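Descriptive analysis of the structure
The residues making up each chain are set out below.
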Amino acid sequence: MNKPLYPLVIPTIQEDIPNILGNIKTLFDYLPIKEIIFVGPENIIDAIPKSDKLHYINEDTLIDKLALKQIFNDLCKDYTKKDRWGWYLQQFI
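Only a predicted model underlies this, so the values are computations on that prediction, with no experimental measurement involved.

**A look at the nonpolar core**
Formed by I10, I17, I20, I24, L27, I33, I36, F38, I44, I48, L54 and Y56, the largest nonpolar core amounts to twelve residues. Listed by contribution, the elements that provide at least two residues to this core are α1 (17–21), α2 (24–30), β2 (33–40) and β3 (54–58). Tallying contributions element by element places β2 first for this core, with three residues.

If you want it as structure tokens, here you go:
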């Protein structure tokens, strides 16, 4: 019986791309994945090699930035680092 293969979603930023790309073969060798989907800012798209197994989703298309900021502000009124809403988006993903 064949094991099912799943997409692997990796929220990322530009600085993380070299480390992730250095481990692509290992990820496919040891995890039951059929593809890797990078979710991040627009500036990472050129760093992702063209492949039918590597895909990119612009994080800005998932939820409106203003809506996300409002949700974050409502949930974290007393939190001091309100500039981290993008990090919270990645955690939701």
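**Focus: the confidence of the model for the protein chain**
Predicted coordinates in regions of low pLDDT should not be interpreted in detail. Per-residue pLDDT for the protein chain has a mean of 83; in total, 73% of the residues score no lower than 70. Ranking the helices and strands of the protein chain by mean pLDDT puts α2 first, with 96, and helix α4 (residues 85–92) last, with 66.

**Concerning the side chain of N58**
Here N58 shows up in strand β3. By relative accessible area, which is 15% here, N58 ends up buried. Within the structure, the side chain of N58 is placed 2.8 Å from the backbone nitrogen of D60, a separation counted as a polar contact.

**What about the pairing of β3?**
Burial along β3 is one-sided: the face carrying L54, Y56 and N58 is buried and the face carrying H55 and I57 is not. Taken together, the five bridges between β2 and β3 define a ladder with parallel strand orientation. By the bridge assignment for β3, I37 is matched with H55.

Scoring rules and cut-offs
- Residues numbered from 1 in each chain as written.
- Predicted model: local features only at pLDDT ≥ 70, side-chain atom pairs only at ≥ 80, totals over all residues.
- Heavy atoms only, no water.
- Core = buried A, V, L, I, M, F, W, Y, C linked by side-chain atoms within 4.5 Å.
- Buried < 20%, exposed > 50% of the residue type's maximum accessible area, 1.4 Å probe, protein only.
- Helix = DSSP H or I, 4+ residues; strand = E, 2+ residues; numbered from the N terminus.
- pLDDT = per-residue confidence, 0-100.
- Polar contact = N/O pair within 3.5 Å; in protein donor to acceptor, adjacent residues only side chain to side chain.
- Pairing = 2+ DSSP bridges.

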